[in-house]
Protein chains: 2
Amino acid sequence: MAGGEAKKASTNANNRKKKEVKKETGLGLSSKKDDNFGEWYSEVVVSGELIEYYDISGCYILRPWTMSIWEIIQAFFDAEIKKMKIKNCYFPLFVSPGVLQKEKDHIEGFAPEVAWVTKSGQSDLDVPIAIRPTSETVMYPYFSKWIRGHRDLPLKLNQWCNVVRWEFSNPTPFIRSREFLWQEGHTAFATKEEANKEVLEILELYRRIYEDYLAIPVVKGKKSEHEKFAGGLYTTSVEAFIPHTGRGIQGATSHCLGQNFAKMFEINFENDKGEKAMVWQNSWAYSTRTIGVMVMVHGDDKGLVLPPKIAAVQVIVIPVPYKDADTKGIFDACDATVKALNESGFRAESDFRDNYSPGWKYSHWEMKGVPLRIEIGPKDLANDQVRAVRRDNSAKSDIPRAGLVEQVKDMLDDIQQSLFDVAKQNRDACVQVARTWDEFMEALNQKKMILAPWCEEEEVEKDVKARTKGEIGAAKTLCSPFEQPALDEGTLCFASGKPAKKWTYWGRSY
Amino acid sequence: MAGGEAKKASTNANNRKKKEVKKETGLGLSSKKDDNFGEWYSEVVVSGELIEYYDISGCYILRPWTMSIWEIIQAFFDAEIKKMKIKNCYFPLFVSPGVLQKEKDHIEGFAPEVAWVTKSGQSDLDVPIAIRPTSETVMYPYFSKWIRGHRDLPLKLNQWCNVVRWEFSNPTPFIRSREFLWQEGHTAFATKEEANKEVLEILELYRRIYEDYLAIPVVKGKKSEHEKFAGGLYTTSVEAFIPHTGRGIQGATSHCLGQNFAKMFEINFENDKGEKAMVWQNSWAYSTRTIGVMVMVHGDDKGLVLPPKIAAVQVIVIPVPYKDADTKGIFDACDATVKALNESGFRAESDFRDNYSPGWKYSHWEMKGVPLRIEIGPKDLANDQVRAVRRDNSAKSDIPRAGLVEQVKDMLDDIQQSLFDVAKQNRDACVQVARTWDEFMEALNQKKMILAPWCEEEEVEKDVKARTKGEIGAAKTLCSPFEQPALDEGTLCFASGKPAKKWTYWGRSY
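Only a predicted model underlies this, so the values are computations on that prediction, with no experimental measurement involved.

J.: Account for the UniProt feature "domain: Aminoacyl-transfer RNA synthetases class-II family profile" (unreviewed entry) in chain A, with residues named and values stated.
T.: This chain's UniProt record puts "domain: Aminoacyl-transfer RNA synthetases class-II family profile" (unreviewed entry) on residues 69-307 of chain A. Secondary structure content for residues 69-307 of chain A is 31% helix and 33% strand, while the C-alpha to C-alpha distance between its ends is 10 Å.

What follows is the structure in structure tokens.
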């Protein structure tokens with residue numbers, strides 16, 4: 001960042017005009033979001049300084065501009081789960097093969113993606129050791145050890161860590177990477193009711209991350225049997241949608257594991273009647289994928305568009321000196337503006353760099369997605385005002401310096417809300433009800449998020465997948481939304497013609 | 001934890017007396033710190049619920065009681081480095097072999113401990129991939145890419161992550177583990193002066209972690225050429241000492257890397273005169289080892305002793321009901337006490353569990369090292385007071401409930417200071433000046449931290465190591481302290497008889 005040099009910059013201000021302003025190239029994006037979404041995305045995450053590509057495929061460097069977003073969301077979520085008396089812990093990165101393979105369905109789901117350490121230094125290990133793709137099997141042997149009686153329950157743990165899934169298909173920054181950061185919560189309860197309740201409480205926190213922080217509308221719902229977590233009882237998720245690619249994307253998942261893992265790992269307790277019982281377990285996670293969804297939903301042809309709540313810099317203040325105007329006065333006004341905003345709790349910085357033109361700076365901070373730009377030039381100084389330019393809709397307005405803080409607050413609130421509203425409009429415009437196979441295929445070809453009545457049979461889901469298989473991927477269930485439209489008596493499944501049980505979202509997905 | 005159940009517990013208070021109080025065994029430690037330090041340490045980290053041993057040797061589970069300490073220190077350090085405009089990032093866990101091997105001295109230092117991933121799923125990887133033992137070689141190719149001109153400097157990054165060093169000798173929780181958590185800072189400057197300055201600023205933060213938070217006295221100094229960071233220019237460290245084992249322990253290190261890595265990774269920039277120049281780099285780290293040092297220094301035969309500043313629970317409030325006394329009144333007083341302390345910013349909890357006796361609870365919270373215990377029984381209730389018992393020195397006092405918050409504040413401050421003072425006395429009592437080889441050997445056999453005049457020749461250091469090699473490890477240099485006693489003209493090296501250049505600390509070490 002370029003702030004903090006205000007004093008020096010301001011003193012040197014009068015020399016500045018004389019210096020040559022560097023002509024930098026390559027600030028724009030060469031691909032457009034509408035024309036080539038994939039290229040646009042790869043470019044915008046790099047040009048917006050979120051990501052640097054790494055020399056190992058599928059691994060990415062998360063730059064400070066990413067980490068600041070991650071830390072803001074983390075601070076929110078961590079505080080909320082602490083209120084729920086969930087405690088942070090840290091389990092090892094490594095899993096021994098015996099433990100990893102204990103839950104059959106689970107390991108079947110993850111085996112192809114597991115990375116194995118077989119050597120240290122020049123020596124072969126006696127037994128290859130796996131790197132965690134997730135930590136159910138890492139943790140649960142110890143749940144078994146720690147849980148004895150009903151007073152040891154609930155046991156509620158969370159960890160912030162990296163996990164590794166050595167996928168080979170289409171690595172994509174944030175969305176599909178071989179290593180990613182996440183939190184994973186693992187909890188055990190005496191009763192199914194408590195587990196069920198927590199599943200939804202966590203899911204609500206995930207909804208708030210997406211809707212309140214990232215300004216992305218999501219659907220809360222239940223995954224199909226086919227799409228649920230490997231080894232779990234049922235999976236709930238928040239599902240987002242990317243209109244440009246017509247793909248759903250699983251935003252975060254909150255699983256009830258039931259008693260499957262408890263059985264395999266012998267997590268038993270003596271209940272309050274003195275009987276032996278098995279615990280009910282949940283696990284839940286969200287990852288750095290959140291940030292990728294945010295880029296896809298809000299970004300435009302000028303670069304990233306960050307919702308104010310998660311932007312490391314909410315307001316960038318740029319001096320616009322002009323010929324013989326009072327340059328020092330302009331720089332001082334910039335300083336005062338940043339100071340006033342910082343003191344009121346806003347994340348504001350100034351860009352006093354003397355080797356870039358104001359125009360270059362506008363483009364630079366637009367590329368990085370800063371929600372609000374404030375420009376201060378001679379005319380603004382004369383009128384005791386600043387010019388504010390919104391990143392989301394380019395709207396310009398002049399703000400009297402007297403009412404600066406309140407107006408900035410209102411504008412940032414408005415940007416946050418407006419980003420959500422626009423994203424919701426776009427998402428809603430993609431939702432298409434389909435009652436027949438023909439309607440379904442037509443909607444799929446139009447890249448819709450399809451709401452269709454379904455018989456809920458796994459064979460039918462597999463069949464739909466097989467029938468829609470093509471170059472750009474098959475359709476699958478996204479979720480059965482908790483908010484179900486009325487399902488009229490006699491409604492039939494769009495695919496099988498059997499009686500429908502649920503309205504379910506279908507579509508291609510990430 | 002057992003708090004938050006106050007209302008229910010309080011209502012059920014009168015039933016409680018009738019219930020059978022479970023006799024739990026195994027609360028005490030079977031080894032004594034003075035008798036068998038190693039056993040004592042292994043036991044106390046488990047019984048104090050910091051650690052659970054894991055089924056892969058050298059890997060440990062960090063339980064919530066550990067993570068709360070880690071998070072408190074992390075919050076301090078992270079805020080301080082953010083003030084220094086150091087930004088967090090996250091680089092991949094994996095390193096490709098070519099990059100890892102680029103700096104010769106560096107890889108020589110780490111090669112034997114590197115864990116290699118060679119398989120994913122059932123397939124062999126084309127090229128084995130290393131897991132980071134530290135991230136110099138992971139990051140610096142990108143420093144080279146990002147740094148072009150002097151305006152790109154300084155570049156100051158930090159990451160919080162896990163690293164893996166597959167050591168085979170003596171795995172010890174926190175102190176020597178195959179995976180550990182740390183922060184690693186990596187910075188690049190235009191001038192050596194700036195780099196030098198930051199090395200010391202960071203070292204001062206490390207001193208504050210040890211002395212102000214963990215209440216452990218440390219010596220700031222410079223490592224010898226032999227002991228410095230592999231590939232760096234010079235290494236500074238904070239060095240602690242464990243009197244019970246007579247071993248020094250490197251607490252944290254702040255390295256100036258000079259231009260070695262810049263040369264290998266071609267991290268060049270155009271300076272303000274338009275000339276091509278190489279950057280000056282630092283790297284610095286502290287790890288979960290800090291927590292192990294804290295356990296070793298403060299723990300006693302009753303368990304952990306946590307300094308108040310880093311204790312997840314600073315005050316544990318325990319009801320002591322007695323026969324037909326006003327049990328509800330006692331529980332309410334406990335609730336009110338916790339509430340008053342929490343509202344004043346103290347981390348206080350009550351233990352209302354009805355299946356444990358007060359005595360069991362005393363032992364339990366002593367084992368976990370909670371700095372202050374408050375007991376409330378019928379007599380306390382009658383006198384409108386509470387009984388406070390300090391963990392560090394077992395001192396008991398009665399505190400009128402009117403002045404509770406101020407007195408608790410004073411006591412916690414006093415405990416924090418007193419832990420440091422006692423630790424410093426114990427450490428200082430171990431420091432022994434040795435001017436000759438005989439004095440040196442005598443002091444070494446007495447497990448001292450030896451301050452000796454040294455010629456600073458690497459060959460002499462290697463020779464001392466060779467001559468002191470034995471079952472319990474050789475002596476080596478710990479550091480040359482920045483605070484040097486006067487070195488009188490003509491003082492000779494204790495080992496070589498050549499003219500001495502520096503007073504240097506020597507000893508066995510972890």
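From this point, the narrative continues.
J.: Could you give an account of the packing of helix α3 (residues 37-47) of chain A against helix α10 (residues 289-298) of chain A, with specific residues and numbers?
T.: All names here are of chain A. Contact geometry for α3 and α10: axes closest at 11 Å, N-to-C directions at 120 degrees. Taken together, the axes of α3 and α10 are oblique relative to one another. When the axes of α3 and α10 are compared, the crossing they make is right-handed. Every residue of α10 that contacts α3 at F37, W40, Y41, V44 and V45 is listed here: G292, V295 and M296. Split into classes, the residues belonging to the contact of α3 with α10 amount to seven nonpolar, one polar and no charged.

J.: So what about the interface of chain B and chain A? Which residues, and what values?
T.: With 56 residues of chain B at the contact, the number on the chain A side is 56 residues. Between chain B and chain A, the buried area comes to about 4900 Å², and carbon and sulfur atoms account for 60% of it. The partner of E52 of chain B in a salt bridge is K145 of chain A, and the shortest N-O contact between them spans 2.6 Å. At the junction of chain B and chain A, the tally comes to 34 residue pairs in polar contact (both at pLDDT 80 or more).

J.: Talk me through the pattern of salt bridges; I want residue IDs and the actual numbers.
T.: Residues and elements named next belong to chain A. For the structure on display, the rule yields 76 salt bridges over all chains. Measuring nitrogen to oxygen at the nearest pair gives 2.8 Å for the salt bridge that ties R207 to E204. On the criterion of helical spacing, the pair formed by R207 and E204 is a turn pair, its members being three residues apart in helix α8 (residues 192-213). Of the residues examined, E204 reaches a relative accessible area of 27% and is grouped as partly exposed. The salt bridge partner of D332 is K328, with a shortest N-O separation of 2.6 Å.

J.: Break down the relation of the copies chain B and chain A for me, with residues and values.
T.: If you rotate chain B by 180 degrees and push it 0.0 Å along the axis, it lands on chain A with an RMSD of 0.0 Å. The operation mapping one copy onto its partner corresponds to a two-fold rotation axis. Considering only C-alpha atoms, the residue of chain B closest to the rotation axis is V117 of chain B, which sits at 2.1 Å. Comparing interface residues between copies, 100% of those in chain B also sit at the interface in chain A, which points to an isologous, same-surface contact.

J.: Before we move on, could you go through unusual backbone geometry and cite the residues and values that matter?
T.: For the bond running from L153 of chain A to P154 of chain A, omega is -10 degrees, close enough to zero to count as cis. If you trace the backbone, P154 of chain A turns up in the loop between α7 (136-146) and β7 (155-164). In this structure, K447 of chain A takes a positive phi of about 60 degrees despite not being glycine. Looking at the secondary structure, you find K447 of chain A in the loop between α15 (437-445) and β21 (449-454). Using a relative accessible area of 38% as the deciding quantity, one classes K447 of chain A as partly exposed. With phi around 70 degrees, F174 of chain B is a residue other than glycine that occupies positive phi space. Along the chain, F174 of chain B turns up in the loop between β7 (155-164) and β8 (179-189).

Rules and cut-offs
- Residues numbered from 1 in each chain as written.
- Chains lettered and ligands numbered in written order.
- Predicted model: local features only at pLDDT ≥ 70, side-chain atom pairs only at ≥ 80, totals over all residues.
- Heavy atoms only, no water.
- UniProt positions renumbered as here; feature names shortened; annotations may be inferred.
- Helix = DSSP H or I, 4+ residues; strand = E, 2+ residues; numbered from the N terminus.
- Axes fitted to C-alpha atoms, helices over the stretch in contact; angles between N-to-C directions.
- Parallel < 35°, antiparallel > 145°, perpendicular 65-115°, else oblique.
- Left-handed = near helix turned anticlockwise from the far one by under 90°.
- Contact = heavy atoms within 4.5 Å.
- Nonpolar A, V, L, I, M, F, W, Y, C, P; charged D, E, K, R; others polar.
- Buried area = accessible area lost by both parts, 1.4 Å probe.
- Salt bridge = Lys/Arg side-chain N within 4 Å of Asp/Glu carboxyl O.
- Polar contact = N/O pair within 3.5 Å; in protein donor to acceptor, adjacent residues only side chain to side chain.
- Buried < 20%, exposed > 50% of the residue type's maximum accessible area, 1.4 Å probe, protein only.
- Least-squares fit on C-alpha atoms with pLDDT ≥ 70 in both.

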